[in-house]
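Secondary and tertiary structure notes
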Amino acid sequence: MELTKKRFGVKEISTLGMLTAVVVVLQFLGSFIKFGTFSVSLVLVPIVIGAALYGPYAGAWLGFVFSVVVLLSGDAAAFLAINIPATIATVIIKGTLAGLAAGFVFNAIDKFSFKASKYVATFAAAIVCPLVNTGIFLIACRLFFYDTIVMWGESLGFANAVVYMFVGLAGGNFLFEVLFNVVMSPAIIRIINIRELIKK
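Cut-off values and rules
- Residues numbered from 1 in each chain as written.
- Predicted model: local features only at pLDDT ≥ 70, side-chain atom pairs only at ≥ 80, totals over all residues.
- Heavy atoms only, no water.
- pLDDT = per-residue confidence, 0-100.
- Helix = DSSP H or I, 4+ residues; strand = E, 2+ residues; numbered from the N terminus.
- Contact = heavy atoms within 4.5 Å.
- Axes fitted to C-alpha atoms, helices over the stretch in contact; angles between N-to-C directions.
- Parallel < 35°, antiparallel > 145°, perpendicular 65-115°, else oblique.
- Left-handed = near helix turned anticlockwise from the far one by under 90°.
- Phe/Tyr/Trp six-rings, centres within 6.5 Å; stacked < 30°, edge-to-face > 60°.
- Buried < 20%, exposed > 50% of the residue type's maximum accessible area, 1.4 Å probe, protein only.
- Lys NZ or Arg CZ within 6 Å of the ring centre and 35° of its normal.

Focus on the confidence of the model for the chain
Per-residue pLDDT for the chain averages 83, and the proportion of residues at 70 or more is 86%. Of all secondary-structure elements in the chain, the lowest mean pLDDT belongs to strand β1 (residues 34-35), at 59, while helix α5 (residues 84-110) reaches the highest, 95. Contacts for the low-pLDDT stretch residues 1-6, under 50 throughout, to residues beyond four places or in other chains number 18 contacts.

Digging into the packing of helix α2 (residues 44-54) against α5
Orientation of α2 relative to α5, taken along the N-to-C sense of each, is 45 degrees, at an axis distance of 8 Å. One element, α2, and the other, α5, form an angle in the oblique class. As α2 runs across α5, the sense of the crossing is right-handed. Where α2 abuts α5, its residues I47, A51 and A52 lie against G99, A102, G103 and F106.

A short note on the packing of aromatic side chains
Inspection of every chain in the model, using the stated rule, returns seven aromatic pairs. On the numbers, 5.7 Å between centres and 85 degrees between planes, the contact of F79 with F137 is edge-to-face. Note that F79 is positioned in helix α4 (residues 77-80) and F137 in helix α6 (residues 117-144), a separation of 58 residues in sequence. Using a relative accessible area of 5% as the deciding quantity, one classes F79 as buried. According to the relative accessible area criterion, F137 is buried, its value standing at 14%. Seen from their ring centres, F144 and F145 are 6.2 Å apart, and the 70 degrees between their planes marks the pair as edge-to-face. Taking relative accessible area as the criterion, F145 reaches 3% and is therefore assigned buried. Among the aromatic residues, ring-to-ring pairing joins F79, F137, F144, F145 and W152 into one connected group. The cationic tip of R142 hangs over the ring face of Y146; the distance from NZ or CZ to the ring centre is 4.0 Å.

Observations regarding α2
Where burial is concerned, most of α2 is hidden: eleven out of the eleven residues are buried. Among all positions of α2, only L44, V45, P46, I47, V48, I49, G50, A51, A52, L53 and Y54 are buried. Where α2 ends, the next residue or the one after it, G55, has phi of about 100 degrees, a positive value.

Next comes the structure, spelled out in structure tokens:
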């Protein structure tokens, strides 16, 4: 069911509510797992699940919730100390668009209904979600926080600020998030298949 085409029923609202709770819990738990400077985002899996089950706007909602928890947990404190409005905008936009993009990618591939469309759509959404999340973060780093990032990189021995952005700030987290999503994709597919069997 796509949010753009059908209204939510009680079951859909309940499931989305549970996914929202999972996002909150996983993000707070993920704040204790760090690769480099920032914590990893375990919540991208339930965001992909919501986007695949209920469409891009459900994914956007879950991404928005993820963003709010990031801000509340203090995970963005280093950037808030530099530029509060830019940090809030970046965190909200990257999380929301990651969920939205995952939903659109899943729907775009799955609508062709070829034999492995569900699998391809799920893997693609699982990769696109962290790609958008990290990509917007890196763009914002260049636009709003570059001078500070240059200093951070130099203090850690990076001669090139761009290398520091990709390797020191985002590299480890991004690779972990992509691999985690890909590894969890079979479980996501199983959840989708179970829901479709229940609907039948």
